[in-house]
Amino acid sequence: MCAKPKVQLSIPDTGSLSIGDNCFFHSGVKLILTMPKPIVEIGQWVFVGLDTIIAAKQSIEIGDFTFFAPRCYVIDHEHGFEPGQLIHNQKSILKSVKIGRDCYVGTGSVVLGGANIGDGAIIGACSVVKGEVGSGEIWAGNP
């Protein structure tokens, strides 16, 4: 693994991070694994662009040869929004993320919990992905 200065890594005792050979992490990248039991698996030859954040509480898998442009955000959890309850007191909703092999995630894109991006897919700049993107598809926009 090669990393530029100012890459931040946070892993709890219950967490697991695996990074394949020949990966590159640009300046400002943050890998934030938090409770309860986060697992992040990054394949080999993955490029993670400037100021990208990967945040896991459950599971994020990134396939070999995948490329993230700058300022992407990948997260496998969100707050609950049950009516009549303070947001502060609600438990996180956990949904695994899987990004296939040889994918491209454009600048400023957000990949949300429950996303499953197939091999060879391309995500356009500033897109939001929260569901299925088929192998080889080109997807851009917000749901």
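> Mind showing me how you'd approach the nonpolar core here?
Grouped together as the largest cluster of nonpolar side chains are 27 residues, with contacts concentrated most on F68, I99 and I117. When near neighbours in sequence (up to four residues on either side) are disregarded, I99 contacts E61, I62, G63, T66, F68, V74, V111 and I117.

> Any chance you could explain empty space enclosed by the protein here in plain terms?
One way to see where empty space is left: roll a probe the size of a water molecule over the atoms. With the rule as written, the count across this model stands at one cavity of 30 Å³ or more. Here the largest cavity defines a volume of roughly 40 Å³. What lines the largest cavity is simply D76, H77, E78, I93, K95, L112 and G113. Looking at the lining of the largest cavity, its residues break down into two nonpolar, two polar and three charged.

> I would appreciate a short explanation of the packing of aromatic side chains in the present structure.
Geometrically, a pair of aromatic rings is defined through the distance of the ring centres and the angle of the planes. For the structure shown, the criterion picks out three aromatic pairs. Pairing F24 with F47 gives two aromatic rings, centres 5.2 Å apart and planes at 10 degrees, and the pair type is stacked. With F24 in strand β4 (residues 24–25) and F47 in strand β7 (residues 47–48), this residue pair connects regions lying 23 residues apart in the sequence. By the ring-pair criterion, three or more aromatic residues cluster together here, those being F24, F47, F67 and Y104.

> How do you make sense of a nonpolar patch on the surface when you look at a structure like this?
Among the surface-exposed residues, F67, Y104, I122 and I138 lie close enough to one another that they form a single nonpolar patch of about 370 Å² accessible area. As for its position among the elements, I138 is in strand β21 (residues 138–139).

> Any chance you could explain the sheet that holds strand β11 (residues 73–75) here in plain terms?
Two pairing modes exist for strands in a sheet, parallel and antiparallel, and in both the strands are linked by backbone hydrogen bonds. With parallel pairing, the six strands of this open sheet are ordered in space as β2-β5-β8-β11-β16-β19. If you trace the sheet from one side to the other, it starts and ends with β2 (8–10) and β19 (128–129), each paired once.

> Got a minute to help me understand unusual backbone geometry in this structure?
Trans is the common state for peptide bonds, and a negative phi is the common state for residues other than glycine. Cis peptide bonds are those with omega within 30 degrees of zero, and the linkage from M35 to P36 qualifies with 15 degrees. Within the secondary structure, P36 is located in the loop between β5 (30–33) and β6 (39–42). Here the phi dihedral of F65 falls at roughly 65 degrees; this positive angle occurs in a residue that is not glycine. Along the chain, F65 falls in the loop between β9 (59–62) and β10 (67–68). Given a relative accessible area of 36%, F65 falls into the partly exposed group.

Here is what the cut-offs are and how they apply
- Residues numbered from 1 in each chain as written.
- Predicted model: local features only at pLDDT ≥ 70, side-chain atom pairs only at ≥ 80, totals over all residues.
- Heavy atoms only, no water.
- Core = buried A, V, L, I, M, F, W, Y, C linked by side-chain atoms within 4.5 Å.
- Buried < 20%, exposed > 50% of the residue type's maximum accessible area, 1.4 Å probe, protein only.
- Contact = heavy atoms within 4.5 Å.
- 1 Å grid on protein atoms, 1.4 Å probe; cavity = no way out; pocket = protein on both sides within 12 Å on 5 of 7 lines; lining within 4 Å.
- Points joined across faces, edges and corners; volume = space filled by probe spheres on them.
- Nonpolar A, V, L, I, M, F, W, Y, C, P; charged D, E, K, R; others polar.
- Phe/Tyr/Trp six-rings, centres within 6.5 Å; stacked < 30°, edge-to-face > 60°.
- Helix = DSSP H or I, 4+ residues; strand = E, 2+ residues; numbered from the N terminus.
- Patch = residues over 30% accessible without salt bridge, like charges linked within 9 Å, V, L, I, M, F, W, Y side chains within 5 Å.
- Areas by Shrake-Rupley, 256 points an atom, 1.4 Å probe, with all protein chains shown as cover.
- Salt bridge = Lys/Arg side-chain N within 4 Å of Asp/Glu carboxyl O.
- Pairing = 2+ DSSP bridges.

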